[in-house]
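Listed below, chain by chain, are the residues.
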Amino acid sequence: MNLTLKVWRQKNTNTEGNFENYDVQGISEDMSFLEMFDVLNERLINDGKEPIAFDHDCREGICGMCSMYINGSPHGPNRGVTTCQLHMRSFKSGDTITVEPWRAAAFPVIKDLTVNRSSFDRIISAGGFVSVNTGNAQDANALPIAKEKADEAFAAAACIGCGACVAACKNASAMLFTSAKISQLALLPQGQAEREMRAEKMVAQMDIEGFGACTNTGACEAECPKGISLENIARMNREYFGAVLSSKEHE
Amino acid sequence: MSWVTKTLSSSLGRKLIMAVTGLSLVAFLLVHCGINACIFLNDGGETFNEAAEFMAKNFFIRAAEIGLFAGLILHIVDGLMLWSANKKKRPVQYAVVSKENSTWYSRSMGLLGTLLLLFLVMHLKHFWVVSRFTDVITGGQKTLFQEMQEVFASPIPVIVYVVGCISLAYHLLHGVQSAFQSIGWNHPKYTPFVKAFGSWFAIIIPVVFAAMPIAMHLGLIK
Ligand code: HEM
Ligand code: SF4
Ligand code: FES
């Protein structure tokens, strides 16, 4: 396959970026989108040019690092896959593909296609954790958990923190991510100790980081590679309002 | 900051304000539409005038009207502030945006709301100001029904009203089910009903409303 890539190049956070065009030839249909970038980068390095910076790690859809906004969609045109799982057979030879970084005030560009997603880490540290007893691990079956709850918690826990929801949202809202992280713990007995404080603190941190407010367009759910459901956002709303109404802590 | 102001000024709290005020406007629309639909009885506006007079004189209705206005203003101010705040959350725009992941009207609530606001200014001037702040109706010069006939005799208001109703339909098509999501009500048992109710409400109410100026203009209602 021969393709034309229109890629966002930006030296660092403080400089302005611009699009550069690259022609790539002889791309196999079985390559992943990232492998196609590897081919291009090798050529750029051989030519003594600066390779294109992009995030990646596992290359199997579980780490959440890859983050390319391809032809107007986070992780490209296919549903339910990450950029590393996107194959070149999803495109036609001769296509022009526009590749941009996630764009959000809360995700500043570090370089080219890499963005700083530490705002997500700070939302997690604000309350996305559980207390664990020291000593021996307890018996796995000591805590009865309803199958439906376990399934729902598991579905929420599938979120890999990639940020495609923020990238897709017209308001750059992080509510799908935050609600998945609140839900996976709120649904389980292990998450009860910090339950009230978790919803309040994580929502407060989300606002501090400069993410937008949800307008329920559903773009996040449609673009999420892990199929995280909007039901989680409704649950977060319940968790949050429940917590502020009932918690005895106030400043 | 007290916990109340802290909660209501959070992103979730401001969405809650949108949802609660939006749903009270929805309830108001149902009553408003029901009363106005009395003109379709084609009895020279008799039933409609009676109902309108009851609404204008009843103490509890007048008290609720104040609440409704406060809600409307809150809805508009909060909606426009959220709209402009949300725009700033993406300072650098994408060069290419796929539009397949959501409906155009769900992305255009601020625009549809602004169209509604423009319509409302004209609408309130036509009927609310005349009936509440002048003695045209209370003094017995004209009935509210006659006022309607006069307004809709010329085509311009009819067009503006129909455009207003179309904006309302799309605003509600997304808004009603969205409001339930914002208050946290998303459940496999009820959400299909909520969505169906929202869509039917968003179609039926504006269609009935739009039929009024059209029917009056065409002289179908006398
Ligand atoms: C008059 C001018 C109006 C403006 C400027 C306006 C603006 C908005 C905006 C911007 C939203 C989206 C807010 C968000 O999702 O965060 C919204 C939502 C909504 N609006 Fe309006 N609106 C207006 C009138 C109305 C009227 C007349 C009704 C009902 C009869 C209504 C019902 C709703 C509902 C139900 C929602 C959904 C709330 C939610 O998403 O949680 N609006 N409005
Ligand atoms: S909710 Fe989906 S899109 Fe958002 S960070 Fe998690 S996996 Fe990525
Ligand atoms: S590189 Fe790990 S999810 Fe794509």
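The rules we used
Residues numbered from 1 in each chain as written. Chains lettered and ligands numbered in written order. Predicted model: local features only at pLDDT ≥ 70, side-chain atom pairs only at ≥ 80, totals over all residues. Heavy atoms only, no water. UniProt positions renumbered as here; feature names shortened; annotations may be inferred. Phe/Tyr/Trp six-rings, centres within 6.5 Å; stacked < 30°, edge-to-face > 60°. Helix = DSSP H or I, 4+ residues; strand = E, 2+ residues; numbered from the N terminus. Buried < 20%, exposed > 50% of the residue type's maximum accessible area, 1.4 Å probe, protein only. Contact = heavy atoms within 4.5 Å. Buried area = accessible area lost by both parts, 1.4 Å probe. Salt bridge = Lys/Arg side-chain N within 4 Å of Asp/Glu carboxyl O. Polar contact = N/O pair within 3.5 Å; in protein donor to acceptor, adjacent residues only side chain to side chain. Nonpolar A, V, L, I, M, F, W, Y, C, P; charged D, E, K, R; others polar. Near = heavy atom within 4 Å.

Taking an unreviewed UniProt entry as the reference, chain A is identified by name as Succinate dehydrogenase/fumarate reductase iron-sulfur subunit belonging to Flectobacillus roseus. Its UniProt record gives chain A the following Sequence similarities (unreviewed entry) comment, quoted word for word: "Belongs to the succinate dehydrogenase/fumarate reductase iron-sulfur protein family."

Enquirer: I keep staring at the packing of aromatic side chains and nothing clicks. Help me out?
Expert: For any pair of aromatic rings, the description consists of the separation of the ring centres together with the inter-plane angle of the planes. Residue and element names in this part refer to chain A. Applying the stated rule across the entire model yields 23 aromatic pairs over all chains. Ring centres 5.2 Å apart and planes at 70° place the aromatic pair Phe107 and Phe120 in the edge-to-face group. Of this pair, Phe107 sits in the loop between β5 (96-100) and β6 (109-111) while Phe120 sits in helix α2 (residues 118-127), and the two are 13 residues apart along the sequence. Residue Phe107 shares its accessibility class with Phe120, and that shared class is buried.

Enquirer: I would appreciate a short explanation of the interface of chain A and chain B in the present structure.
Expert: When the parts of a complex come together, some accessible area is lost, and that lost area is often used as the size of the interface. Each partner contributes residues to the interface: chain A has 48 residues there, and chain B has 36 residues. The contact between chain A and chain B buries some 3,400 Å² in all, and 54% of this surface belongs to carbon and sulfur atoms. There are 0 salt bridges connecting chain A and chain B. Inspection of the chain A/chain B interface yields 23 residue pairs in polar contact (both at pLDDT 80 or more). At the level of secondary structure, the elements contributing two or more residues to the side of chain A that touches chain B comprise β5, α4 (164-168), α6 (195-208), α7 (219-223) and α8 (231-246) of chain A. For the side of chain A that touches chain B, the element with the most residues is α8 of chain A, which contributes 10 residues. Here the residues of the side of chain A that touches chain B sort into 27 nonpolar, 12 polar and 9 charged.

Enquirer: Can you walk me through the site of ligand 2 in this structure?
Expert: Residue and element names in this part refer to chain A. Surveying the vicinity of ligand 2 reveals 14 residues, the closest of which are Cys159, Cys162, Gly163, Cys165 and Cys224. Mapped onto the shell around ligand 2, the elements with two or more residues apiece are α4 and α5 (175-186). Here the residues of the shell around ligand 2 sort into 11 nonpolar, 2 polar and 1 charged.

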